[in-house]
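Fold and contact review
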Amino acid sequence: TTLVKYLYKKADLVISNAKASALDLIKNFNVNRSKMEVIYNPIDYEKIFKINPITNYFDTSYYNIITVGRLQEVKNHKLLIDTIKDFKNVRLYIIGEGELRTKLETQIQNLGLGNNVFLLGFKSPPFEYLKSADLFVLSSNNEGFPNVVMEGMACGLPILSTNCKSGPSEMLELAEEKEDDIMLTKYGVLTPVEDVAVFKKGLNYMINNPTFTNECKANVLIRIKHYDKETILEQYYKLIIA
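Computed from a predicted structure; not experimentally measured.

Cut-offs and rules
- Per chain, residues are indexed from 1 in the order of the written sequence.
- Only residues with pLDDT of at least 70 are given local features in this predicted model, and only at 80 or more are side-chain atom pairs given and counted; all residues enter the totals for whole chains, interfaces and linings.
- The basis for every side-chain value is the complete set of heavy atoms in the structure, and neither hydrogens nor water enter the calculation.
- Counting from the N terminus, the helices are the DSSP runs of H or I reaching at least four residues and the strands are the DSSP runs of E reaching at least two.
- Paired strands, as defined in this entry, are two strands with at least two bridges between them according to DSSP.
- Residue burial is assigned from relative accessible area. The probe radius is 1.4 Å, only protein chains are included, and a residue is buried under 20% of its type maximum, exposed over 50%, and partly exposed in between.
- Stacked, edge-to-face and tilted are the three classes for Phe, Tyr and Trp ring pairs, Trp counted by its six-membered ring, which pair at centre distances within 6.5 Å; planes under 30 degrees apart are stacked, over 60 edge-to-face, the rest tilted.
- Whenever a helix is involved, its axis is fitted only over the stretch in contact; in every case the axis is a line through C-alpha atoms, and angles between N-to-C directions fall within 0 to 180 degrees.
- The cut-offs work like this: below 35 degrees is roughly parallel, past 145 is roughly antiparallel, 65 to 115 is roughly perpendicular, and the gaps in between are oblique.
- In this scheme the handedness of a crossing depends on how the near helix is turned from the far one: anticlockwise by less than a right angle means left-handed, clockwise means right-handed.
- In what follows, residue pairs with any heavy atoms lying within 4.5 Å of each other are defined as contacts.
- Throughout, the ten residues Ala, Val, Leu, Ile, Met, Phe, Trp, Tyr, Cys and Pro are labelled nonpolar, Asp, Glu, Lys and Arg are labelled charged, and all others, Gly among them, are labelled polar.

**Some points on the environment of Leu-3**
Structurally, Leu-3 is set in helix α1 (residues 2-7). Sequence-wise, Leu-3 and Asn-214 are 211 residues apart; in three dimensions their C-alpha atoms are separated by 46 Å.

**Describing the sheet that holds strand β4 (residues 90-95)**
With mixed pairing, the seven strands of this open sheet are ordered in space as β5-β4-β3-β6-β7-β9-β8. Each edge of the open sheet is held by one strand with a lone partner, namely β5 (117-121) and β8 (183-184).

**Looking at the environment of Asp-24**
Take Asp-24: it is sitting in helix α2 (residues 19-28). By relative accessible area, Asp-24 is classed as partly exposed at 35%. Placed 19 residues apart in sequence, Asp-24 and Ile-43 show a C-alpha to C-alpha distance of 24 Å.

**Digging into the packing of aromatic side chains**
On inspection of all chains with the given rule, the structure shows ten aromatic pairs. For the ring pair Tyr-57 and Tyr-129, a centre distance of 5.2 Å and an interplane angle of 85 degrees mean the geometry is edge-to-face. You can see Tyr-57 sitting in the loop between α3 (45-49) and β3 (63-68) and its partner Tyr-129 sitting in helix α6 (residues 127-130), a full 72 residues away along the chain. Judged by its relative accessible area of 9%, Tyr-129 is buried. Ring centres of Tyr-205 and Phe-212 lie 5.3 Å apart, and the angle between their planes is 80 degrees; on these two criteria the pair is classed as edge-to-face. Take Phe-212: its relative accessible area is 14%, and that puts it in the buried class. Of the aromatic side chains, those joined through ring pairs into one cluster are Tyr-57, Phe-58, Tyr-93, Phe-118 and Tyr-129.

**Describing the packing of helix α4 (residues 77-84) against helix α9 (residues 196-208)**
Between α4 and α9, the shortest axis-to-axis distance is 9 Å and the interhelical angle comes to 60 degrees. Classified by the interaxial angle, the pair formed by α4 and α9 is oblique. In this structure, α4 crosses over α9, and the sense of that crossing is right-handed. In contact with Leu-79, Leu-80, Asp-82, Thr-83 and Ile-84 of α4, α9 contributes Val-196, Phe-199, Lys-200 and Leu-203. Class assignment for the residues of the contact of α4 with α9 results in six nonpolar, one polar and two charged.

The structure is reproduced here in structure tokens:
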């Protein structure tokens, strides 16, 4: 943090990977607004497109939701597990490892969700699993720029995410922020951070509105092209070299 405070404001150009992060640098680290630019992280869409979904892994009699992220407090996987305890027709798959595995396993056991929540560990790449699921979920309290949301979109999944800072609201092009209700976008649903009740409402909406969900599936494949690596590299070229 000390180096950020000292060096960033002296730079000729500062590139942030999200608008919210850029505003934070301007407000809290005194970076000159005129030196601030935003270029999002890239994704190799063509590579992901060529990956085939895994077959016969998910039980299609369930609504299968999936997330990717380290098992740590900031990712708030506890919220996801607390959410689906009231959805007996939902199965949650968590890809990732971390220090909270034992704690999450205990939560799953105590709630009697051994048949509904699965800790898959580290999978690289995770795309064959994502492509076979019904919905991508993100429960983070904070993010810099959640690449996993882009990966879910690149796999054609609608998104249910907390409206954490920063990234999801920009990627999903949120028009109006709400503090106590679900927020609908063309690509999925956002919910307030750390609010289990509203996250449940968001999941219920996704499950029971298949027309909306199918529209999201089509829209995410259009939206993700904005983050394709060639598009992002062109932005860097124009900003730095041209």
